[in-house]
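Breakdown of the fold
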Amino acid sequence: MTAIFSVPDMTCGHCEKTVRGALAEALPGAAVAIDLATKKVTIEGDAVKAEEAIREAGYSPERTAA
């Protein structure tokens, strides 16, 4: 399942690295695409786990329509 999140407080390369790391830990092997310019995170996998991982990393994800 593809899940797309808007993460408005993801503002820099360090933020992107932190989010990517959190998702890799929560969903090993899942495909993750991050567009820092639009603050969008797209992940193939469990949307609930992905959202929890992003929140636990300190960010505020909002699920958007695929």
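Our subject is the structure that appears above.
The structure contained in this document is the topic of the report that follows. All values reported here derive from a predicted model rather than from experimental measurement. (Residues numbered from 1 in each chain as written. Predicted model: local features only at pLDDT ≥ 70, side-chain atom pairs only at ≥ 80, totals over all residues. Heavy atoms only, no water.)

Moving on: the pattern of salt bridges. It is possible for side chains bearing opposite charge to pair when their charged atoms get close. Throughout the structure, instances matching the rule amount to two salt bridges. Arg-20 is paired through a salt bridge with Glu-16; the nearest N and O atoms lie 3.2 Å apart. Pair noted here: Arg-20 and Glu-16 are both in helix H1 (residues 13-26), with a separation of four residues, about one helical turn. Residue classification places Arg-20 among the partly exposed residues on the basis of a relative accessible area of 33%. Between Glu-51 and Arg-55 there is a salt bridge, with its nearest N and O atoms 3.0 Å apart. Separated by four residues within a single helix, Glu-51 and Arg-55 lie in helix H2 (residues 47-56), roughly one turn from each other. Judged by relative accessible area, which is 25%, Glu-51 ranks as partly exposed. Classification of Arg-55 by relative accessible area gives partly exposed; the value is 43%. (Salt bridge = Lys/Arg side-chain N within 4 Å of Asp/Glu carboxyl O. Helix = DSSP H or I, 4+ residues; strand = E, 2+ residues; numbered from the N terminus. Buried < 20%, exposed > 50% of the residue type's maximum accessible area, 1.4 Å probe, protein only.)

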